[in-house]
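Chain residues, written in single-letter form:
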Amino acid sequence: MTLEEVIEREGYSVIGRPTPKKDGWIKATGEAKFADDLYFPGMLHGKLLRSPLPHARILHIDTSRAEKLPGVRGVVTAKDFPGILYGDFAHTRDYLPLAQDRVRYIGEEVAAVAATDMDTAEEALDLICVEYEPLPAVFSPEEAMQPEAPQLYDRAPNNIASKSEFHYGDVEKGLAESDYVREDTFETQSMKQGMLEPHACVGLWEGSGKITLWSCKSSPYVVWRHLAMGLGVDPGNIRVIQTYIGGSFSGGKQEGMPMDFCAVILSKKTGRPVKFVHTMDEVLVIGHMRHSMKIRLKTGVKRDGTLVAQHCRIIANGGAHASIGQLSIFLPGLGLNLPYRVPNVQMESYRIYTNTGFAGALRSHTQPQICFARESQIEMIAKELDLDPVEMRRKNARAGGDVTPSGFKLGTFGFLDGLDRVIEASGWREKYGKLPRGRGIGMAGSGMISGARLMSHSASSAQIKIREDGTVALMTGSADIGQGADTVLSMIAAEVLGVRVDDVTYAMIDSDVTPLDPGAFSSRVTLWTGNAVKQAAEDARKQLEEVAAQKLKADPKHLVFRDRRVYVRHDPQRGMDFASLVRSTQNRLGHPVMGQGSYTSGDEPIAVQGGYGNASPAYSASVVVVEVEVDEETGHVTLAGIWNASDCGFPLNPMAVAGQSMGAFTMSMGQALYENLIRIEGQVMNPSFRDYKMPLIVDLPKVENVHLFDIITNDPNGPFGAKEAGQGPGDGVIAALANAIYNATGVRVKSLPISPSKILSGLEESRSNKP
């Protein structure tokens, strides 16, 4: 069924129609701004002193010269904090606001200053004297796992920060019964989010003990908990107010950071608000980058291409801190269970401490890495067995109703529809293996969760208040990080209440006011928070229906809310203005119209060390085809065309879905071809956007060669049938590009990025191997 047919059948007035991103966000208190634009009277400027060494013991810190500098109002070190570890998982917590006894990577925060201006704060850093005792450092995960390697933490033997292991079916038996077994090793690199807005915050510690942090966080309530934990204060004494967010990409601004803690402690020390803004150099050095991984994948198949067994072993570079690494090392297992049927699966994955900036979450959180390995290997197997790679995927594809070996329940899963759509639209049959040398076509498939049921707090909630003029105040705890959450959640409320999207205002998050929520990550907001908003709007509408039914002398079930009116379905002329109904309910009857809603899943959270269960209420499916041109003289790759089909359930806002699909594609394209955080002995060598290469608009195909398709499956667990759309479309892109480059040149690259030098080396090797 097409989008237009669904809209017509359901009678939607808002949902399913392209809607520009809403302007005019409001904050629960005050005017909304970006954090680095905030200014308060008497505000001080903060800067952080960072370690120049990858691993060292801190022997002594002398701040006396900095404290005497005119304009400096305060200096803090680890001794100004209670020394309480904070973090997401109790068994991996290792964060401190400032390094206490040891530094573990170049750039780790050691001290902080607050001064009347930024120049003075920077000058003060040069006056702080830190005496270090250098310690042996380790930068490679494989070396860090050796018994003789330097140990970063006593609690982590062999530097294993976290691990996840699971085993479903009988892998050894499956491999033994396979007609063909292939084993390959793939390597992926570290990369950064590339957000234009750096981390920024303003902290205030009032004399009453009330702590307020204004900050650009994608998960404000996570930061709220971290501050309470690390400062040793009651959460009720902490208030986190969200500012505009200039990009986060599912992890870049998710956790509490040293700048947040230092801002509030320096405020306590000076009695004035303190503002921190990172430079882009700092952003590219400190952490939260994508995990670099070494993936060893062994797959057994029957001669006809039927997948029988897979054994995967992953070693990931976690850097110097745990972050949310326990989750990071569990999630690649999703890629082994989606989107193909494999009855026997075994996986061991290890996240390793090294003396480098720490890794965390980044868009699709480990899925592009595992998809790169799996989808590249499927192509290699198909070639060895002389099979059509499309038909091999079709033979093994999962469908709605499937249950994976790990317990994922696929309610809807439009993989096969997506496969058919891109094969036909791209002209695959006419192009594959038939294009001239230097031009190739490749494909890949993927599956993605719609919000993870992996944390102790996964529920979402929403509140709606309808004002007497008929406008709607919507509050949730889910942040808009640029993905359009404010718009789509407003659309859901507007559809239920029969008002226009412009009638709905979406409040910025304020932990003293807005409902509790885990935040914006794992593609959870549309489904989880969207369901909560829908329930809240239905609650408010039910309150209005009771009054409208009396006034219109009609059964509440026969009432229609549409176009700012409420009327009887079989007699549209018998109705009233929506705002008039609200005034009658509130002003005359004294009933404030306030709706509440919440959403959670009935299943228990899965143990992230390697448990069985349903990881999400819904799963999306994506299939991507790319066509490339490769200059065999330079190794340069040009994208000639993109065809991407994504099962998003139902596109509540087709304009936003298209934008998110293209954004996901572009980020994965960057990882495939350009981006690489280069580190030598722990030192980042390209800490600027001049040297850290990301794709530009000129690197994308012309608009007429970009083809995005929505596969409509109307998932019953999503609001109006919707599920995730912002991450899944990018998961298979790296593998599709690798496959297309192979199709064009015969060069198979199994390490990222696929740089011109690697392509040229592969071409030279193939020429030298020719008889």
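Cut-offs applied
- Residues numbered from 1 in each chain as written.
- Predicted model: local features only at pLDDT ≥ 70, side-chain atom pairs only at ≥ 80, totals over all residues.
- Heavy atoms only, no water.
- Helix = DSSP H or I, 4+ residues; strand = E, 2+ residues; numbered from the N terminus.
- Buried < 20%, exposed > 50% of the residue type's maximum accessible area, 1.4 Å probe, protein only.
- Contact = heavy atoms within 4.5 Å.
- Pairing = 2+ DSSP bridges.
- Axes fitted to C-alpha atoms, helices over the stretch in contact; angles between N-to-C directions.
- Domains from an automatic or database assignment.
- Buried area = accessible area lost by both parts, 1.4 Å probe.
- Salt bridge = Lys/Arg side-chain N within 4 Å of Asp/Glu carboxyl O.
- Polar contact = N/O pair within 3.5 Å; in protein donor to acceptor, adjacent residues only side chain to side chain.
- Nonpolar A, V, L, I, M, F, W, Y, C, P; charged D, E, K, R; others polar.
- Patch = residues over 30% accessible without salt bridge, like charges linked within 9 Å, V, L, I, M, F, W, Y side chains within 5 Å.
- Areas by Shrake-Rupley, 256 points an atom, 1.4 Å probe, with all protein chains shown as cover.
- Lys, Arg positive; Asp, Glu negative; His and termini not counted.
- Charge placed at Lys NZ, Arg CZ, Asp CG, Glu CD.
- Expected span 1.5 Å × (residues − 1).
- Parallel < 35°, antiparallel > 145°, perpendicular 65-115°, else oblique.
- Left-handed = near helix turned anticlockwise from the far one by under 90°.
- Phe/Tyr/Trp six-rings, centres within 6.5 Å; stacked < 30°, edge-to-face > 60°.
- Lys NZ or Arg CZ within 6 Å of the ring centre and 35° of its normal.

What follows covers the environment of F709. Summarising the element assignment, F709 is placed in strand β31 (residues 706–712). Look at F709 and you get buried, because its relative accessible area is 17%. Remark: the alpha-carbon pair of F709 and A425, spanning 284 residues in sequence, is separated by 9.8 Å. Excluding residues within four positions of it along the chain, F709 makes contact with R421, V422, A425, W643, N644, A645 and S646.

Right, let's talk about the pairing of strand β19 (residues 439–449) for a bit. Counting buried positions along β19 gives 10 out of 11 residues, so the element sits mostly inside the fold. Bridge count between β19 and strand β27 (residues 619–630): 11 bridges; the pairing is antiparallel. Within β27, the residue paired with G445 across the bridge is V623.

All right, on to the sheet that holds strand β9 (residues 180–188) then. Across the sheet, 5 strands lie side by side as β8-β17-β16-β15-β9; this open sheet has mixed pairing. Two strands close off the open sheet at either side, each with one partner strand: β8 (160–168) and β9. Mean inter-strand twist for the sheet, computed between neighbouring axes without regard to direction, equals 5°. Where strand β16 (residues 307–319) and strand β17 (residues 344–353) come together, 10 bridges link them in parallel fashion. In the sheet register, R313 faces β17, and the bridge partner there is E348.

Before going further, it helps to examine the domain arrangement of the protein chain. According to the domain assignment, the protein chain contains domain 1 (3–32 + 459–599), domain 2 (35–135 + 198–245 + 253–285) and domain 3 (292–453 + 607–769). Between the C-alpha centres of domain 1 and domain 2 there is a distance of 39 Å. Domain 1 puts 21 residues into the contact, and the matching count from domain 2 is 19 residues. A combined buried area of about 1,700 Å² lies between domain 1 and domain 2, and 52% of that area is made up of carbon and sulfur atoms. It is I509, S511 and L516 that lose the most area in domain 1 upon contact with domain 2, and together they represent 30% of the buried surface on that side. Linking domain 1 to domain 2 there are 3 salt bridges. The tally of links between domain 1 and domain 2 comes to 8 residue pairs in polar contact (both at pLDDT 80 or more). Partitioned by chemical class, the residues of the side of domain 1 that touches domain 2 number 11 nonpolar, 5 polar and 5 charged.

Turning our attention to a negative patch on the surface. A surface patch of negative charge is lined by D117, D119, E123 and D126. Residue classification places D126 among the exposed positions, given a relative accessible area of 67%.

Here helix α11 (residues 367–384) contains 18 residues, and its C-alpha end-to-end distance of 26 Å stays within 8% of the 26 Å for a straight helix at 1.5 Å per residue. Burial runs high along α11: 16 of the 18 residues are buried. D386, located one to two residues past α11, shows a positive phi value of around 55°.

Moving on to the packing of helix α15 (residues 485–497) against helix α16 (residues 525–552). When two helices pack together, their arrangement is captured by the angle between the axes and the distance separating the axes. At a minimum axis distance of 9 Å, the contact between α15 and α16 shows a crossing angle of 30°. Put simply, α15 runs roughly parallel to α16. Regarding α15 and α16, the two cross each other, and that crossing is right-handed. Along its contact with α15, which presents A485, V488, L489, I492, A493, V496 and L497, the element α16 presents V525, T526, T529, G530, V533, K534, A537, E538, A540 and R541. Grouping the amino acids of the contact of α15 with α16 by side-chain chemistry returns 11 nonpolar, 3 polar and 3 charged.

This part covers the packing of aromatic side chains. Under the counting rule described, the total for this entry stands at 18 aromatic pairs. Plain terms: the ring middles of Y12 and F650 are 5.8 Å apart, the flat faces sit at 65° to each other, and that makes the pair edge-to-face. On the criterion of sequence distance, the pair formed by Y12 in the loop between α1 (3–10) and β1 (26–27) and F650 in the loop between β28 (637–649) and α18 (654–673) is long-range, its members being 638 residues apart. Side by side, Y12 and F650 carry an identical accessibility label, which is buried. With a centroid separation of 4.5 Å and an interplanar angle of 40°, the aromatic rings of Y153 and Y353 are classed as tilted. Taken together, the residues Y153 in the loop between α4 (141–144) and β8 and Y353 in strand β17 connect sequence positions 200 residues apart. Comparing Y153 with Y353, the two get one shared label, buried. These aromatic residues form a ring-pair network of at least three members: Y86, Y95, Y105, F261 and F358. Positioned above the aromatic ring of F521 is the side chain of R524, whose terminal nitrogen or guanidinium carbon lies 6.0 Å from the ring centre.

What follows covers the environment of L552. Along the chain, L552 turns up in helix α16. It is 80 Å that separates the C-alpha atoms of L552 and P136, two residues lying 416 residues apart in sequence. Sequence-distant contacts of L552, that is, excluding residues within four places in its chain, are made with L559, V566, V568, R574 and G575.

Moving on: the sheet that holds strand β5 (residues 102–103). Strand pairing in a sheet takes place through backbone hydrogen bonds and is either antiparallel or parallel in direction. The sheet built from 3 strands is open, its strands ordered β5-β3-β7 with antiparallel pairing. At either margin of the open sheet sits one strand with a lone partner, and together these are β5 and β7 (129–134).

So, about unusual backbone geometry. Of note, the amide linkage connecting L752 to P753 takes the cis form, showing an omega dihedral of -5°. In this fold, P753 is placed in the loop between α20 (733–745) and α21 (756–769). The backbone of T366 shows a phi angle near 80°, a positive value even though the residue is not glycine. Mapped onto the secondary structure, T366 falls in the loop between β18 (358–359) and α11. A positive phi angle is found at R564, which is not glycine, with a value near 65°.

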